[in-house]
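Residues per chain are reported as follows:
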Amino acid sequence: MRLVTFTRPGKLQQEVGALGDGDAVLDLAAAEPLLRGQSMLDLAAAEPALLDKARAAMAKAPVVEGAKLCAPIPRPPKNVFCVGKNYHEHAKEFAGSGFDGGAKDVVPPFPVVFSKPHTSVIANGEKILGHLDTTGGLDYEGELGVVIGAGGRGISKAEALKHVFGYTIINDVTARHLQKRHSQWILGKGLDTFCPMGPAILTADEAPDPTKLVLTTWVNGEQRQHAPVSDLIFDIPTLIEAISAVITLEPGDVIATGTPAGVGIGFNPPVFLKSGDVVKIAISGIGVLENAVA
């Protein structure tokens, strides 16, 4: 099941639905009254029985005409957790780019975790405000996002996937010169609109082995990134264990797991995004996240 947050034409209220055939938005609450008024955070925190009702509702849920997709989780409970240098080939291209801030290790010994504030989150189809980066180093990073279901602290790797609600797509848009200028990455990563997310959350039962998912990124139709999630340096259970060891994870928290090789700084010279460029990211089973630079 691919769950979405949407609004109706002329309405501001956000509702939860599902994507059906042809990516039509299905009105789950119309078929299952228990879902009326529920948010995606509510579903992430709910008992499995409510998700079972949502699945059953899909068969009789009507299509919402003119629905507009929001980010699946428009405002996560915390900043989006992000992981740097988490694919082997990207770690190499980043180390050789001059933008790594003088890091000693090509492959980090522990996960490199930073964050993006909720004000950076936008939906599929919304514009990336590239002009906010006045330094001219706008870059893209296609990533698999992990959405937490049952929360907790001190989650072990062995139990970690039981705490996953589902998976989404994230573009970790980056102002590279700001990232290089500041030793902490949040100012280069957390600009408004620099976290496109969506279009949907693929529920965890649909991807029991997330390492089989494959990510591909295109810029203006040119393929730039292509890698299986199995290429992660630190896999999803390791990331959940590392973060939850010191920070309580809550339902709806999002972890962006890192990007594969092929980003703009991997070119010689670097190829940065410009106004009008379109970044499209696809992950098998989830769908396509597409955003243009304003």
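Residues numbered from 1 in each chain as written. Predicted model: local features only at pLDDT ≥ 70, side-chain atom pairs only at ≥ 80, totals over all residues. Heavy atoms only, no water.

A.B. asks: Is there a simple way to think about empty space enclosed by the protein in this case?
C.D. replies: Here the idea is plain: a probe the size of a water molecule rolls over the atoms and shows the empty space left. Under the definition given, this model contains 1 cavity of 30 Å³ or more. Here the largest cavity defines a volume of roughly 60 Å³. Around the largest cavity, the lining residues are Val83, Gly84, Lys85, His90, Phe94, Phe114, Glu141, Asp172, Arg176, Gln179, Trp185 and Lys189. Only β5 (80-84), α4 (88-95) and α6 (176-181) provide two or more residues apiece to the lining of the largest cavity. Tallied by class, the residues present in the lining of the largest cavity amount to 4 nonpolar, 3 polar and 5 charged. (1 Å grid on protein atoms, 1.4 Å probe; cavity = no way out; pocket = protein on both sides within 12 Å on 5 of 7 lines; lining within 4 Å. Points joined across faces, edges and corners; volume = space filled by probe spheres on them. Helix = DSSP H or I, 4+ residues; strand = E, 2+ residues; numbered from the N terminus. Nonpolar A, V, L, I, M, F, W, Y, C, P; charged D, E, K, R; others polar.)

A.B. asks: How should the environment of Ala24 be read in this particular structure?
C.D. replies: If you trace the backbone, Ala24 turns up in the loop between β2 (15-19) and β3 (25-26). A relative accessible area of 22% places Ala24 in the partly exposed class. Note: C-alpha distance between Ala24 and Ala67 (43 residues apart in sequence) is 8.6 Å. Residues in contact with Ala24, not counting those within four places in the same chain, are Ala18, Leu19 and Val63. (Buried < 20%, exposed > 50% of the residue type's maximum accessible area, 1.4 Å probe, protein only. Contact = heavy atoms within 4.5 Å.)

A.B. asks: Just to check I follow, could you spell out the packing of aromatic side chains for this structure?
C.D. replies: Given two aromatic rings, their pairing is described by the distance between the two centres and the angle made by the two planes. In this structure the tally under the stated criterion is 1 aromatic pair. When the centroid spacing of 5.2 Å and the interplanar angle of 65° are considered together, the rings of Phe114 and Trp185 count as edge-to-face. Separated by 71 residues along the polypeptide, Phe114 in strand β6 (residues 112-116) and Trp185 in the loop between α6 and α7 (186-189) bring together distant segments of the chain. Judged by relative accessible area, which is 10%, Phe114 ranks as buried. (Phe/Tyr/Trp six-rings, centres within 6.5 Å; stacked < 30°, edge-to-face > 60°.)

A.B. asks: What exactly am I supposed to notice about the environment of Arg75 here?
C.D. replies: Structurally, Arg75 is set in the loop between β4 (68-69) and β5. Separated by 3.1 Å, the side chains of Arg75 and His118 make a polar contact. (Polar contact = N/O pair within 3.5 Å; in protein donor to acceptor, adjacent residues only side chain to side chain.)

A.B. asks: How should the sheet that holds strand β17 (residues 287-292) be read in this particular structure?
C.D. replies: Strand pairing in a sheet takes place through backbone hydrogen bonds and is either antiparallel or parallel in direction. The sheet built from 4 strands is open, its strands ordered β14-β13-β16-β17 with antiparallel pairing. Every interior strand has two partners, whereas the edge strands, β14 (222-228) and β17, have only one. Between one strand and the next, the sheet's axes are offset by a mean angle of 15°, whatever the strand orientation. (Pairing = 2+ DSSP bridges. Axes fitted to C-alpha atoms, helices over the stretch in contact; angles between N-to-C directions.)

A.B. asks: Sorry if this is basic, but what is going on with the pattern of salt bridges here?
C.D. replies: Note that side chains of opposite charge can pair when their charged atoms are close. Considering all chains together, one arrives at 16 salt bridges under this definition. Asp172 serves as the salt-bridge partner of Lys116, at 2.6 Å between the closest nitrogen and oxygen. One end of the pair, Lys116, is in strand β6; the other, Asp172, is in the loop between β10 (164-171) and β11 (174-175), with 56 residues separating them in the sequence. Using a relative accessible area of 0% as the deciding quantity, one classes Lys116 as buried. Relative accessible area serves as the criterion here: at 0%, Asp172 is assigned to the buried category. For Arg176, the salt bridge is made with Asp139, and the minimal N-O distance between the two is 2.8 Å. Taken together, the residues span a long stretch of sequence, with Arg176 in helix α6 and Asp139 in strand β8 (residues 138-139) at a distance of 37 residues. Both residues of the pair, Arg176 and Asp139, belong to the buried class. Salt bridges linked by common partners bring Lys116, Asp139, Glu141, Asp172, Arg176 and Lys189 together as one network. (Salt bridge = Lys/Arg side-chain N within 4 Å of Asp/Glu carboxyl O.)

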